Amino acid sequence: MDRLVTENTVTSGAAPRKGFSADAFRRLSTKLAVAPEPPAVVVPPPAPIPPIVASNSFQQAPVVAPLAAQSVHTPHVEVDAFPAPEIVPAPEPVRFRKPEIPLTEDQLRKADLARTLIDMMAASGGTGQPQERALAADTLLELQPDLRGPILVTLAERVAMMEAPPPALVTRLAINEDLNVSGPLLEEGQQVTDQDLLAVIAKGAADKLRLIARRRRISRVVSEAIASSGDPSAMLTLIRNQGAEISGAGFEALMQAAKSDADLLAPLCTRQDLPAYLALELFWTAPTQLRRYLMSRFLVDSEALTAILKIKMDAGISSAATFQAPDKDSVIASLGSLIGENPSAGFETVAQCARISPATVARIAGDKQGEALVALFKVMSIARSEVAALLQEFSSGDHPLLNPERDLEELQAIFDQLSFNKARFLMTYWDWSSAAIGPYAKKR
């Protein structure tokens, strides 16, 4: 009871009773005024992180075992709740490896000898004596039938890079049946003769034809053989090769192939050295956009062209003959004769008015795209105001001369861009081709 009274007295701030000194009261008050210190918190050291070991085999680093050794509580998680992503291994790079051919001890020995001879020939290319190179080449020719696999490929690659390799060795390697051996020489070997290349082309191997067509320099005789091979891929490679010299006969063969292969048509029409007479012959096979390109590329206006065309026209008329230009009504009537069930009845009349051959008129009448027709209008001096009505008439009816879906405004624009000389230029080459006359008659 006394203790309870004493505590109440201290708490209420009353004067201390006997048995509780002032010093004890002050010490107790001081302790109560000071805030109690928070309990010390011991932070455990972090768990050690296992080292990351680099590996190329996609193996998972061993991180489970060290974590299990620590006293760390981990909440339980169902595995099916978060399925692990499927790891798809990277695909193996594609490698083209030559089949390894088992070699006998004698072949291995001869391969080492061949390597020595190759190194000697490469080292003495500019300083060695001709007799030394000749003997080394002849020795290689003797060893060549026994060489197999990579050593034969190495020999071909080194020979292809030489400035003056032995001709006999070049020929032997260039005509080798193995593409790994002959390929470097057929594509890069500048010392391979045209005779060797023609011998390879004659065998008709498509892969070797393409390698030859990629050569930096191709003579006309070789390009003509490739153009006549009938291989579309080799011909396309040849057309795109600006280092290839193509003869007239070669272009003729390519043109015939392009008429049935659309992939060859555009590259051939855009080749810079394509002759004009062949370009205007390809005009009949080309689509609309390519036709406009050919016309813009080969048709020009100049005073010299006017003089040349006049000479050409005068040369086709005998001294006793005179040409009477038909009147407007006769021209329109002759064009109207092309529309109907029998357009051939008017070929002769139109040919006389346009001063071209009936064969050219027949070719124009058989073309449904219309560019050739507006060129015919131009050489027949049809007025611009009458072209629209004529085009509408030629694209309608039971027997239209033009494709009814053809854009007539585009044809009108082509007519406006054509001059009389440009149209006459077209008719000149078309006449030579259609009638098989002129300087290229023998090539038709």
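Worth saying up front: this structure is predicted, and the values here are computed from it rather than measured.

Novice: Give me the overall build of the chain: which residues, what numbers.
Specialist: Broken down by element type, the chain carries 24 helices and zero strands. Working note: accessible area of the chain is about 27,500 Å², and carbon and sulfur atoms make up 57% of it.

Novice: Give a detailed account of the nonpolar core, specifying residues and quantitative values.
Specialist: In terms of nonpolar packing, the biggest core is built from 109 residues, with Leu-335, Leu-376, Phe-377 and Met-380 touching the most fellow members. With near-sequence residues (within four places) excluded, Phe-377 lies in contact with Leu-335, Ile-382, Val-387, Leu-390, Leu-391 and Phe-415.

Novice: Explain the packing of aromatic side chains to me, using residue names and the numbers behind them.
Specialist: Summed over all chains, the structure comprises six aromatic pairs. Measuring from ring centre to ring centre gives 6.0 Å for Phe-377 and Phe-394, while their planes differ by 90 degrees; the resulting arrangement is edge-to-face. With Phe-377 in helix α21 (residues 371–379) and Phe-394 in helix α22 (residues 384–394), this pair connects stretches of sequence that are 17 residues apart. For the pair formed by Phe-377 and Phe-394, the shared burial category is buried. Ring geometry for Tyr-429 against Trp-432: centres 5.2 Å apart, planes inclined by 85 degrees, an arrangement best described as edge-to-face. Here the residue Tyr-429 and the residue Trp-432 both occupy positions in helix α24 (residues 420–434), the gap between them amounting to three residues, near one helical turn. In terms of burial, Tyr-429 and Trp-432 fall into one category: buried.

Novice: Talk me through the pattern of salt bridges; I want residue IDs and the actual numbers.
Specialist: Considering all chains together, one arrives at twelve salt bridges under this definition. A salt bridge links Asp-112 to Arg-115, with the nearest nitrogen and oxygen atoms 3.0 Å apart. Of this pair, Asp-112 and Arg-115 both sit in helix α4 (residues 105–123), three residues apart, which is roughly one turn of that helix. A salt bridge links Glu-187 to Arg-214; its shortest N-O distance comes to 3.3 Å. Here the residue Glu-187 occupies a position in helix α8 (residues 179–188), and Arg-214 occupies one in the loop between α10 (206–213) and α11 (220–227), the gap between them amounting to 27 residues. Here the salt bridges do not stand alone but share partners, grouping Arg-291, Arg-292, Asp-367, Glu-371, Arg-406 and Glu-410 into one network.

Novice: Report on helix α20 (residues 358–365), specifying residues and quantitative values.
Specialist: For α20, every residue scored as buried is listed here: Thr-360, Val-361, Ile-364 and Ala-365. The arc that holds the buried residues of α20, viewed along the axis, is 140 degrees, so those residues lie on one side. For α20, the secondary structure elements touched by its buried residues are α19 (347–354), α21 and α24.

Novice: Summarise the side chain of Ser-247; cite the residues concerned and give the values.
Specialist: By secondary structure assignment, the location of Ser-247 is in the loop between α12 (232–240) and α13 (248–258). Residue classification places Ser-247 among the buried positions, given a relative accessible area of 11%. Excluding anything up to four places from it in sequence, Ser-247 contacts Arg-220, Ser-223 and Glu-224.

Novice: Report on the packing of helix α9 (residues 194–203) against α10, specifying residues and quantitative values.
Specialist: Packed helices, taken two at a time, are described by their axes: the angle between them and the distance between them. It is the contact of α9 with α10, at a shortest axis distance of 8 Å, that shows an interaxial angle of 145 degrees. Seen along the crossing, α9 lies across α10 with a hand that is left-handed. Counted together, Leu-197, Val-200 and Ile-201 of α9 and Lys-208, Leu-209 and Ile-212 of α10 form the full contact between these two elements.

Novice: I'd like to hear about the side chain of Asn-241, residue by residue, with values.
Specialist: Note that Asn-241 resides in the loop between α12 and α13. Owing to a relative accessible area of 13%, Asn-241 belongs among the buried residues under this scheme. In terms of polar contacts, Asn-241 uses its side chain to reach the backbone carbonyl oxygen of Ala-213, at 2.9 Å. Contacts of Asn-241, omitting those with residues within four sequence positions, involve Ala-213, Arg-214, Arg-215, Arg-216, Ile-218 and Arg-271.

Novice: Describe α19, listing the residues and the values that go with them.
Specialist: Buried within α19 we find Phe-347, Val-350, Ala-351, Cys-353 and Ala-354. Considered in projection along α19, the buried side chains sweep an arc of 165 degrees and stay on one side of the axis.

Novice: Could you give an account of unusual backbone geometry, naming the residues involved and the relevant values?
Specialist: Notably, Ser-381 is not glycine yet its phi reads approximately 60 degrees, a positive angle. Among the residues examined, Ser-381 registers a relative accessible area of 59% and is labelled exposed. At Ala-436, a residue that is not glycine, the phi angle is positive and equals roughly 55 degrees. On the secondary structure map, Ala-436 appears in the segment after α24.

Novice: Give me the lowdown on the environment of Ile-175, citing residues and values where you can.
Specialist: Looking at where Ile-175 falls in the secondary structure, it is placed in the loop between α7 (167–174) and α8. A relative accessible area of 36% places Ile-175 in the partly exposed class. Those residues in contact with Ile-175, other than ones at most four positions away along the chain, are Val-200 and Lys-203.

Novice: Tell me about the confidence of the model for the chain, and name the residues and values.
Specialist: On average, the chain scores 77 in pLDDT, and the residues at 70 or more come to 72%. Every residue in residues 1–18 scores below 50 in pLDDT, and together they form eight contacts with partners more than four places removed in sequence or on other chains. Of the regions scoring below 50 in pLDDT, residues 318–322 engages in zero contacts with residues more than four places distant in sequence or in other chains.

Conventions used here
Residues numbered from 1 in each chain as written. Predicted model: local features only at pLDDT ≥ 70, side-chain atom pairs only at ≥ 80, totals over all residues. Heavy atoms only, no water. Helix = DSSP H or I, 4+ residues; strand = E, 2+ residues; numbered from the N terminus. Areas by Shrake-Rupley, 256 points an atom, 1.4 Å probe, with all protein chains shown as cover. Core = buried A, V, L, I, M, F, W, Y, C linked by side-chain atoms within 4.5 Å. Buried < 20%, exposed > 50% of the residue type's maximum accessible area, 1.4 Å probe, protein only. Contact = heavy atoms within 4.5 Å. Phe/Tyr/Trp six-rings, centres within 6.5 Å; stacked < 30°, edge-to-face > 60°. Salt bridge = Lys/Arg side-chain N within 4 Å of Asp/Glu carboxyl O. Arc of directions from axis to C-beta. Axes fitted to C-alpha atoms, helices over the stretch in contact; angles between N-to-C directions. Left-handed = near helix turned anticlockwise from the far one by under 90°. Polar contact = N/O pair within 3.5 Å; in protein donor to acceptor, adjacent residues only side chain to side chain. pLDDT = per-residue confidence, 0-100.

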